[in-house]
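# Fold and contact review
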Amino acid sequence: MATVQERVSVGSLSDEQVDSLAASVRGATIQPGDEQYEAARQIYNGMIDRRPRAIVQAVDAADVVTAVNFAREQGIYPSVRGGGHNVVGFSTNDDGLVIDLSPMRNVYVDAKNKTARVMGGATWGDFDHAAHPYGLAAPGGIISTTGVSGLTLGGGVGYLTRQYGLSCDNVISADLVTADGKFVTASENENADLFWAIRGGGGNFGIVTSWEFKLRPVGMVYGGPIFFPVEKGPEILAFFREFIETAPPEMSGFFGYHIAPPAPFVPEHLHGVTASALVMCYTGPVEKGEEAMRAVRAAGPVALDLCGPIPFPALNSMFDMATTRNEIARMHLPWLILLLLCGVAMLSAGLAGYGGADRPHRVIHTIVFIVVITVTVFVILDLENPRIGLIRLDAADSVLLDLRQSMNLPTTTPG
Ligand SMILES: Cc1cc2nc3c(=O)[nH]c(=O)nc-3n(C[C@H](O)[C@H](O)[C@H](O)COP(=O)(O)OP(=O)(O)OC[C@H]3O[C@@H](n4cnc5c(N)ncnc54)[C@H](O)[C@@H]3O)c2cc1C
């Protein structure tokens, strides 16, 4: 059986073929050499560094049908991109075709019937943004930049799952373009086998151009992170395992380890300290949140408590400012190499100077060496971009501000 890689006809598209595709679709067709190419080929995981031959940025279902027909006729096995979060990079390839749905992000809410029509390239941030004004939401992920499509096709676990099920449990129907270029609807009553497959079976059964979701009454919630000393991690985890088993469905959360940054909202004695944390979400009545969270707060000595009333989209995007570590490393790699080479050169020149050069030269070499090595260490440690867990420090202030405002707390540093 052919593997996915074998089915990608590497480098087999001519300029004329790509031009004819570009002329047939309404969205942009981006190729190597185009100004937008570098940005368009990036996905969330900075370790994935692939160079597709062409990226079709579909603006509607017709573009998707055209791109699928083109791929089939050319014998190309295309990659499909929703939010681009797939960790191993399924949504891109080298030298092949990418059908990118990221321009298709509209979300239409029917507040009366509590449903939403969500385009195939929307993110959970787009979804939350559209549904929240009506006090509605659906179970998504815990990061708002994740794609609705990829997450739902794989099942989808998030803050609302204990109460309302997986993301895919909340799908009423989906419109898809199948590999033969047909536009079909899948629901309980129409193409039921396809409907079954796309709820957890991944992106192998067609390209979803839009979803119809059930919406749930979720607006303000009581949630956020509660930090404990790092050494309490095992106890906190053991507590959480028991607590969550009997907690009401409105209660959910997850555990993680985080390094507290020297941010204004972190008391000074905690700066740079690694802590264990429970990130909680309670969707019952907000005024009952404090009581519902009492046992969590009693699970250990609380080091920092940022849990309180918060709009659901704010909680769902609290950890968005993450930039993958490897992306930072990749961005800085040429500078790192240059700096290290300079440092080594200066060190050897400085050391050689001790053998015979005059004193001022030795001092200058040594100072330059120290400066170069310090800068290198700063770049390696990424100190210009320190972060709490995955949140960049420069973004953490605004996260805290949103959080404090939503909690009606003073927006200044705790004393
Ligand atoms: C930072 C981060 C946080 C995450 N948090 C959660 C979480 O809280 N809960 C959870 O359940 N998962 C979570 N995940 C996992 C995430 O759900 C999967 O990686 C998912 O595949 C991402 O979907 P996407 O559309 O963003 O990704 P993409 O990389 O665009 O797509 C993923 C897969 O789905 C296919 N696909 C995408 N769009 C379509 C479409 N419209 N039609 C057909 N196929 C399509 C792609 O071809 C690919 O195979 C997280 C991942 C990351 C990186």
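Residues numbered from 1 in each chain as written. Predicted model: local features only at pLDDT ≥ 70, side-chain atom pairs only at ≥ 80, totals over all residues.

Turning next to the overall build of the protein chain. The helix and strand inventory of the protein chain stands at 15 helices and 16 strands. Put simply, 67% of the contacts in the protein chain that link residues at least 6 apart link residues at least 24 apart. (Helix = DSSP H or I, 4+ residues; strand = E, 2+ residues; numbered from the N terminus. Contact = placed C-beta atoms within 7 Å.)

On to the environment of G284, then. Within the secondary structure, G284 is located in the loop between β12 (274-282) and α10 (289-292). Once the C-alpha coordinates of G284 and V221 are considered, the two residues, 63 residues apart in sequence, prove to be 7.2 Å apart. Among residues more than four places away in sequence, those in contact with G284 are P248, E250 and A292.

Taken together, 30 residues are adjacent to the ligand, and G82, G83, G147, G150 and G203 come closest. At the level of elements, β3 (79-81), α6 (148-153) and β9 (207-214) are the ones that each hand at least two residues to the shell around the ligand. Among the residues making up the shell around the ligand, the classes are represented as 12 nonpolar, 17 polar and one charged. When residues of the shell around the ligand are assigned to domains, at least three fall in each of domain 1 (4-100) and domain 2 (107-214). (Near = placed C-beta within 6 Å. Nonpolar A, V, L, I, M, F, W, Y, C, P; charged D, E, K, R; others polar. Domains from an automatic or database assignment.)

By size, the foremost hydrophobic cluster in this structure holds 82 residues, and its most contacted members are V56, A67, I99, A116, V118, F127 and M280. Tallying contributions element by element places β12 first for this core, with seven residues. Residues in contact with V118, not counting those within four places in the same chain, are V107, F127, V148, S210, W211 and F213. (Core = buried A, V, L, I, M, F, W, Y, C linked by C-beta atoms within 7 Å. Buried ≥ 20, exposed ≤ 12 C-beta atoms within 10 Å, placed from the backbone.)

Sheets are built from strands paired through backbone hydrogen bonds, the pairs being either parallel or antiparallel. Strand order in the open sheet made by the four strands is β1-β2-β4-β3, with mixed pairing throughout. What marks the edges here is a single partner per strand, and that holds for β1 (29-30) and β3. Strand direction decides the pairing type here: strand β2 (residues 54-57) and strand β4 (residues 97-100), joined by four bridges, are parallel. The partner of A54 across the bridge, within β4, is L97. (Pairing = 2+ DSSP bridges.)

A separate point is the sheet that holds strand β7 (residues 171-177). Strands sit in the order β5-β6-β9-β7-β8 across an open sheet of five strands; the sheet is antiparallel. The strands lining the two open edges of the sheet, one partner per strand, are β5 (107-110) and β8 (183-187). The average undirected angle you get between the axes of adjacent strands in this sheet is 15°. Inspection of the sheet shows β7 paired to β8 by five bridges, in the antiparallel sense. Among the inter-strand pairings, A174 is bridged to a residue of β8, identified as A186. Against the sheet, helix α4 (residues 61-74) makes contact with β7, β8 and β9, and its axis sits at roughly 50° relative to β7, the strand it touches most. Along the sheet, helix α5 (residues 124-131) contacts β5 and β6 (115-119); its crossing angle with β5, the most-contacted strand, is approximately 35°. (Axes fitted to C-alpha atoms, helices over the stretch in contact; angles between N-to-C directions.)

Turning to the confidence of the model for the protein chain, a few remarks are in order. Across the protein chain, the average pLDDT comes to 84, with 74% of residues at or above 70. The low-confidence segment residues 1-10 (pLDDT under 50) makes 11 contacts with residues lying over four places distant or belonging to another chain. Confidence over residues 322-331 falls short of pLDDT 50; this stretch has 12 contacts with residues more than four positions distant or in other chains. (pLDDT = per-residue confidence, 0-100.)

Another point: unusual backbone geometry. Note: most peptide bonds trans; most residues except glycine with negative phi. Of note in the backbone geometry, D95 takes a positive phi value of approximately 70° without being a glycine. Not every positive phi belongs to a glycine, and K114 is a case in point at roughly 55°. Of note, K114 is situated in the loop between β5 and β6.

Our focus in this paragraph is the pairing of β4. Covered by surrounding structure in β4 are L97 and I99 together with V98 and D100, the residues of both alternating faces. Two elements, β3 and β4, share three bridges in a ladder whose sense is parallel. Looking at β4, one finds that S79 is bridged to V98.

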